[in-house]
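Here are the chains, one letter per residue:
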Amino acid sequence: MPPVDILPPEILGEIFNVAQPTKRSRYRVPFEVVVSHVSAQWRGVALDTPQLWTCIDIYSLHSLAWISSYLDRSNTLPIDVRFDIWQSDRSSNAALNTLPLIETTLPHIGRWQSFMLFAYQRRTAQSILAHLAKATAPILKRLRVSVDGSDDFGPPSIDATVDTIFAGGTPQLVCTEIDGLWYLPPLGNLTTLELHTSIEALPLSYDDFTIIARTAPNLRQLIVRGIVDVARWPTHASPRLELASIRSLLFSNENAFAMAFLTSVAVPHLQSLWLDYPENTLPEAFINSPMFSTGNNFPALRYLTLQSYNFQGIDTFARVFPSITHLHLVYCNTFFIRYLRDVLLNTDYVWWPSLGTVAIRTTRDHYAEKLERTFEEITSFRFRIGVPIERLFLDFNIFLALSKSNTLQEHTELVELSATNYGDPQWAMVHEDTMVRI
């Protein structure tokens, strides 16, 4: 008899729970189904372990074959409901018939701890969300709605007086991601909001955002991806809309929305700013704005992430965000690293005097030699003038190469960058394992 077969059922069940993968795929037989078909003993243990059956994956009407079984086997535990119907929705000429799926899962909404809807057609998504308009989800913590196709249905506008979905209440909802449709739940307890914007499908005007800000007093992390019509944002709002709760901002745009946002919204307690947009420098109009002429307007900012190949205008970031302690260069092309070198080796004025940590990721292993020489200069100089770079966080390959440098080891600590050792709140959120992410 194999040793595993003599384990008590409760121990074997715990092993099953620990062994569950954090990511699931429509193309693989789920782990819980696999272990339930190994032997009669394993099947008995698997069916009596409700934690194995709490992720309800719905891909098409064919999913009806197993939804009821999962709902029964998960007993009364909280469940993750994932409508990942993009593939079948794209293949359908009309809105996908989702009523049988909704009718099967909706009676269990009191157990939903996360809900994800990933569809292709807006009308399919709208038909599902219509059933949630007045729903109550007492333990729902995470919500994601994503629609990336197009059809004849235009986007609804935000209504300042009506929460479009879950109007019955979501008292525990803390994280919401909206992509392609203006359907918002109650935002009163929300701490994280991610908006995927577009001028056609999901516009975001200043008036829209004031509604969000007014109804989300606890919002700490805001992520805006996509194109925003900056003409609909005031360049010098007075008085500026204040979001005292915001601690982290991420902008991933193909225009200057980040600058429009920062000149019209006050974020006095902002700790982390992540900029992923093609501009390589800050506009002069932003730098010379009257609201930034009196000194540091981001006194709490500590983490600055620049996701760009070109750091030619990095001196402008040093002027506007002088208080940072952590600088993260996501795509560090050594052809442009000389611009960072010039800023950090400036002998006339010490830029970023509090900068103690630099995190570097790159796409080319052969960049290591040039990075090594550059940071040997930077760390040596900053060490001599009393404002040392205390830590260099490096991705795996660069860490292996630079850890051989005695000069670097003498003047700074080299650390391999991981999902858990860099304190930026945006970095931590990106690496969270959640069932609502694809």
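Residues numbered from 1 in each chain as written. Predicted model: local features only at pLDDT ≥ 70, side-chain atom pairs only at ≥ 80, totals over all residues. Heavy atoms only, no water.

Notes on the nonpolar core
Proteins that are soluble and globular tend to have nonpolar side chains buried together. As a reminder of what qualifies: Working definition of a nonpolar core: buried Ala, Val, Leu, Ile, Met, Phe, Trp, Tyr and Cys residues. They are joined through side-chain atoms within 4.5 Å. Accessible area is worked out with a 1.4 Å probe on protein chains only. A residue is then buried under 20% of its type maximum, exposed over 50%, and partly exposed in between. By definition, any uninterrupted DSSP run of H or I lasting at least four residues is a helix, any uninterrupted run of E lasting at least two residues is a strand, and each is numbered from the N terminus. We call two residues in contact whenever any of their non-hydrogen atoms come within 4.5 Å of each other.
Residues F261, F321 and W352 are the most contacted members of the largest nonpolar core, which totals 118 residues. With six residues, helix 9 (residues 257–264) is the largest single contributor of residues to this core. Those residues in contact with W352 that sit more than four places away from it in its chain are L304, I314, F317, A318, F321, P322, I324, L327, L340, L344 and R382. The next biggest cluster of nonpolar side chains, apart from the first, holds twelve residues, and it includes Y303, V330, F393 and V415.

Structural notes on the packing of aromatic side chains
Selection rule: Working definition: a ring pair exists when centres of Phe, Tyr or Trp rings (six-membered ring for Trp) sit within 6.5 Å. Plane angles under 30 degrees give stacked, over 60 give edge-to-face, the rest tilted. Only when the NZ of Lys or the CZ of Arg is both within 6 Å of the ring centre and within 35 degrees of the ring normal is a charge said to sit over the ring.
Scanning the entire structure with this criterion turns up 20 aromatic pairs. Summarising the aromatic geometry, the rings of W86 and Y120 are spaced 5.7 Å apart at their centres and angled 85° between planes, so their arrangement reads as edge-to-face. Of this pair, W86 sits in helix 5 (residues 86–90) while Y120 sits in the loop between strand 3 (112–119) and helix 7 (122–129), and the two are 34 residues apart along the sequence. For W86, a relative accessible area of 17% corresponds to the buried category. For Y120, a relative accessible area of 23% corresponds to the partly exposed category. Put simply, the rings of Y206, F209, W233, F251, F257 and F261 touch in pairs and so form one group of aromatic residues. Its end group placed over the ring of F118, R144 keeps NZ or CZ at 6.0 Å from the ring centre.

Structural notes on the pairing of strand 4 (residues 142–147)
The condition that has to hold: The pairing criterion for strands is at least two bridges between them, as found by DSSP.
With respect to burial, strand 4 is a largely interior element, five of its six residues being buried. In this structure, strand 4 lies alongside strand 5 (residues 175–179), joined through five bridges in parallel fashion. Paired with R142 across the strands is C175, a residue of strand 5.

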